[in-house]
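Notes for the structure review
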Amino acid sequence: DNITIDGTEIDLSSGDLTFDVAGDIILDADGADVIFKDAGTAIGTFTNSSTDFVIASNVSDKDMLFKGNDGGSTITALTLDMSDAGTATFNNDVVVGNDLELTSDSSVIVFGTNSDVKLTHVHNTGLTLTHAGTTDNLPVVFQLKSEEDAIIADEVIASLEFAAGDSDGTDGATVAAGIHAIAEGTF
């Protein structure tokens, strides 16, 4: 059977309202918005914007939280900080299936609980690896490490190689120089 409501509002004087259907619940809003309110204040909106699906937090500077159940405990997997232009804070690892691009000049990747090591993009130049500590005996160490358990004499353990562009496919595109750590013995 169809349910017809003559008017624009369903009011419930107390308690919760449950929709329990055997099939799907379909929200079809020709105005393009599904608005979530609490005591009359819009807190979130689903919007169709030229067929882009937009999820919006409506209250100024209030974050968007993605929560889940991890082994019986509620965790916040992701926080989008709306008071900081949408900064994303992940609770654990971030796995990227393809490229990761930092598209602003002077982008920084920070490592460590105390943000002690930084890899900074230097516009039109390259990268700078910095140790932020200012006390004595805090060198910057960039280690190239092979996980091989057995190294054979004359085997390359690690290398830094230098090459020009590869657009023409000739010898000019090959490695032009290198620094190689070569084992003098088997160990």
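Another point: the side chain of Thr45. Position of Thr45 relative to the elements: it lies in strand E2 (residues 41-49). Polar contacts involving the side chain of Thr45 include one to the side chain of Asn58, which spans 2.7 Å. Setting aside chain neighbours within four positions, we find Thr45 in contact with Asp33, Val34, Ile35, Val54, Ile55, Ala56 and Asn58.

Once that is clear, we can look at the pairing of strand E4 (residues 64-70). Bridging between E4 and strand E5 (residues 73-81) involves 7 bridges; their strand directions are antiparallel. The residue of E5 that forms the bridge with Met64 is Leu80. Counting the residues that bridge the hairpin from E4 to E5 gives 2 residues, and of these Gly71 lies at a positive phi of roughly 65 degrees.

A surface patch of nonpolar side chains, amounting to about 850 Å² of accessible area, comprises Ile5, Ile10, Leu12, Leu17, Phe19, Val21, Ile25 and Leu27. With respect to the helices and strands, the residue Leu12 is situated in the segment before strand E1 (33-38).

With that out of the way, let us pick up unusual backbone geometry. With a phi angle near 55 degrees, Ala39 is a residue other than glycine that sits in the positive phi range. Note on placement: Ala39 falls in the loop between E1 and E2. Taking the relative accessible area as the measure of exposure, Ala39 reaches 81% and is therefore exposed. One non-glycine residue, Asn124, lies in the positive phi region at around 60 degrees. Inspection of the secondary structure assignment puts Asn124 in the loop between strand E8 (117-122) and strand E9 (126-131). Judged by its relative accessible area of 71%, Asn124 is exposed.

Here we come to the pattern of salt bridges. Taken as a whole, this structure holds 1 salt bridge when the rule is applied. Lys145 is the salt-bridge partner of Glu147, the closest N and O atoms lying 3.5 Å from each other. Each member of the pair Glu147 and Lys145 is classed as exposed.

Reading guide: rules and limits
- Residues numbered from 1 in each chain as written.
- Predicted model: local features only at pLDDT ≥ 70, side-chain atom pairs only at ≥ 80, totals over all residues.
- Heavy atoms only, no water.
- Helix = DSSP H or I, 4+ residues; strand = E, 2+ residues; numbered from the N terminus.
- Polar contact = N/O pair within 3.5 Å; in protein donor to acceptor, adjacent residues only side chain to side chain.
- Contact = heavy atoms within 4.5 Å.
- Pairing = 2+ DSSP bridges.
- Patch = residues over 30% accessible without salt bridge, like charges linked within 9 Å, V, L, I, M, F, W, Y side chains within 5 Å.
- Areas by Shrake-Rupley, 256 points an atom, 1.4 Å probe, with all protein chains shown as cover.
- Salt bridge = Lys/Arg side-chain N within 4 Å of Asp/Glu carboxyl O.
- Buried < 20%, exposed > 50% of the residue type's maximum accessible area, 1.4 Å probe, protein only.

Read these as geometric descriptors, not functional statements.
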